[in-house]
Amino acid sequence: MKIAIMSDIHGNSIALDAVLNDIDSLGGVDAYWFVGDYCAIGHDPVGVLERIANLPNAKFVRGNTDRYSVTNDVPHPYPENVLNNLNGILQLQQVARSFAWTRGMLTASGWFNWMRELPIEYRTTLLDGTRVLLVHAHPNSDDGDGLFADADDNFVNRLYGDADAELIFVGHIHWQHNRQLPHMRVVNVASVGNPVENRDACYTILNADTTGHAINFHEVHYDKQAVLDAIDASHHPTAEYVKHFYRGEFKLNPIWHDDFENKS
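Calculation criteria
Residues numbered from 1 in each chain as written. Predicted model: local features only at pLDDT ≥ 70, side-chain atom pairs only at ≥ 80, totals over all residues. Heavy atoms only, no water. Salt bridge = Lys/Arg side-chain N within 4 Å of Asp/Glu carboxyl O. Helix = DSSP H or I, 4+ residues; strand = E, 2+ residues; numbered from the N terminus. Pairing = 2+ DSSP bridges. Axes fitted to C-alpha atoms, helices over the stretch in contact; angles between N-to-C directions. Buried < 20%, exposed > 50% of the residue type's maximum accessible area, 1.4 Å probe, protein only. Contact = heavy atoms within 4.5 Å. Phe/Tyr/Trp six-rings, centres within 6.5 Å; stacked < 30°, edge-to-face > 60°. Lys NZ or Arg CZ within 6 Å of the ring centre and 35° of its normal. Disulfide = S-S within 2.5 Å.

Visitor: Would you explain the pattern of salt bridges in this entry?
Guide: As a working rule, side chains carrying opposite charge can pair if their charged atoms are close by. Enumeration over the complete set of coordinates arrives at 16 salt bridges. The partner of Asp142 in a salt bridge is Arg62, with the nearest N and O atoms 2.7 Å apart. Taken together, the positions of Asp142 in the loop between β5 (131-135) and α6 (153-160) and Arg62 in the loop between β3 (58-60) and α3 (64-70) put the pair 80 residues apart, joining distant regions of the chain. By sharing partners, the salt bridges in this structure join Arg62, Arg67, Asp73, Asp142 and Asp143 into a single network.

Below is the structure:
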């Protein structure tokens, strides 16, 4: 069985099309697994859903931005954090406008309920008996800490060690990484449509049969100028913020080390 696994499309149908075309060029797959963040912070939320929902044998879990788009939950910064911070207030306004725009698109196009009903996780067992978990960030959460490449094994074990699975696929942190521990393997499939440091669209292929399984990372080039033009054409209310990803300006800033220690 051959499965394509993707995450963090973020409303970028141009990057998604490049990935789907690449999969077809490799002979196709038997199933598609998606680990969240489909629509928000992008120019074409509806186009993305129309594509992925019609793929054969597709499974979906919820990401944090999917939840923000269909509930009253909001990401950082929170109102209480910015009362005396003008820059923070402006950021709060931009976040609210962005998710309101996405929510309006989902509602007007009839996708709101589909998004609201997404599960937080998906579990299955491969033909070789390996227990698999799909979740956006970590078990029982679509947000917060995730799998950074430079996280030490102790951190990874505390975050995923109680997952009751030997193979875990996650997204959330937009950087491909494959971490093998003695009792589990955690794979960050990275982002299709919201690149870090000007990388292209990333996805993962899982090959599995009764004798075992193998994981292969893929990265596909797509036209980022076309995405910049599409963002302008969409009249997205936070276009400049969305465009900074495609200008290669988004950098990972793993502040989770101290945060995790403080919460442990």
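That was the structure; now back to the text.
Visitor: Quick question: what am I supposed to make of the sheet that holds strand β8 (residues 184-188) here?
Guide: Here we have five strands laid out as an open sheet, ordered β4-β5-β6-β8-β7, and mixed in their pairing. Of all the strands in the sheet, the pair left with one neighbour each is β4 (121-125) and β7 (177-181). Across the sheet, the axes of successive neighbouring strands diverge by a mean angle of 15°, strand direction being ignored. Pairing analysis gives five bridges linking β4 to β5, with the strands arranged antiparallel.

Visitor: Is there a simple way to explain the environment of Leu181 in this structure?
Guide: Among the secondary structure elements, Leu181 is positioned in strand β7. Sequence separation of Leu181 and Glu166 is 15 residues, and the distance between their C-alpha atoms is 9.5 Å.

Visitor: Would you explain the sheet that holds β3 in this entry?
Guide: Two orientations exist for strands paired in a sheet by backbone hydrogen bonds: parallel and antiparallel. Ordered in space as β3-β2-β1-β9-β10, the five strands form an open sheet in which the pairing is mixed. Across the chains shown, the open sheet's two edge strands, defined by having one partner strand only, are β3 and β10 (212-220). When the angles between neighbouring strand axes are averaged without regard to direction, this sheet yields 20°. The pairing of strand β1 (residues 2-6) with strand β2 (residues 31-34) spans four bridges and is parallel. The residue of β2 that forms the bridge with Met6 is Phe34.

Visitor: Is there a simple way to think about the pairing of β10 in this case?
Guide: The two faces of the sheet receive side chains in turn, since in a regular strand these alternate between them. Where strand β9 (residues 201-209) and β10 come together, nine bridges link them in antiparallel fashion. Bridge pairing in β10 links Ala201 to Val220. Here β9 hands over to β10 after two residues, the two strands then running antiparallel side by side.

Visitor: Help me understand the side chain of Asn12 in this model?
Guide: With respect to the helices and strands, Asn12 occurs in the loop between β1 and α1 (13-25). Judged by its relative accessible area of 0%, Asn12 is buried. With residues near it in sequence (within four places) discarded, Asn12 still touches His43, Val48, Gly193, Tyr222, Val227 and Tyr246.

Visitor: Even after reading the chapter, I still don't get the packing of aromatic side chains, so can you show me in this structure?
Guide: Geometrically, a pair of aromatic rings is defined through the distance of the ring centres and the angle of the planes. Taken as a whole and judged by the stated rule, the model has eleven aromatic pairs. An aromatic cluster is present here, built from Tyr32, Phe34, Tyr38, Phe60, Trp111 and Trp114 joined pairwise through their rings. Directly above the ring of Trp175 sits Arg199, whose terminal nitrogen or CZ lies 4.6 Å from the centroid. The ring of Tyr222 has Lys224 lying over it, and the distance from NZ or CZ to the ring centre is 4.7 Å.

Visitor: What is the right way to read the state of the cysteines from this model?
Guide: Here is the idea: a disulfide is a covalent bond, and it sits between the sulfur atoms of two cysteines. Inspection of every chain in the model, using the stated rule, returns zero disulfides. Among the cysteines around Cys39, which has no disulfide bond, Cys202 carries the closest sulfur, lying 19 Å off. Residue Cys202 is classed as buried on the basis of its relative accessible area of 3%.

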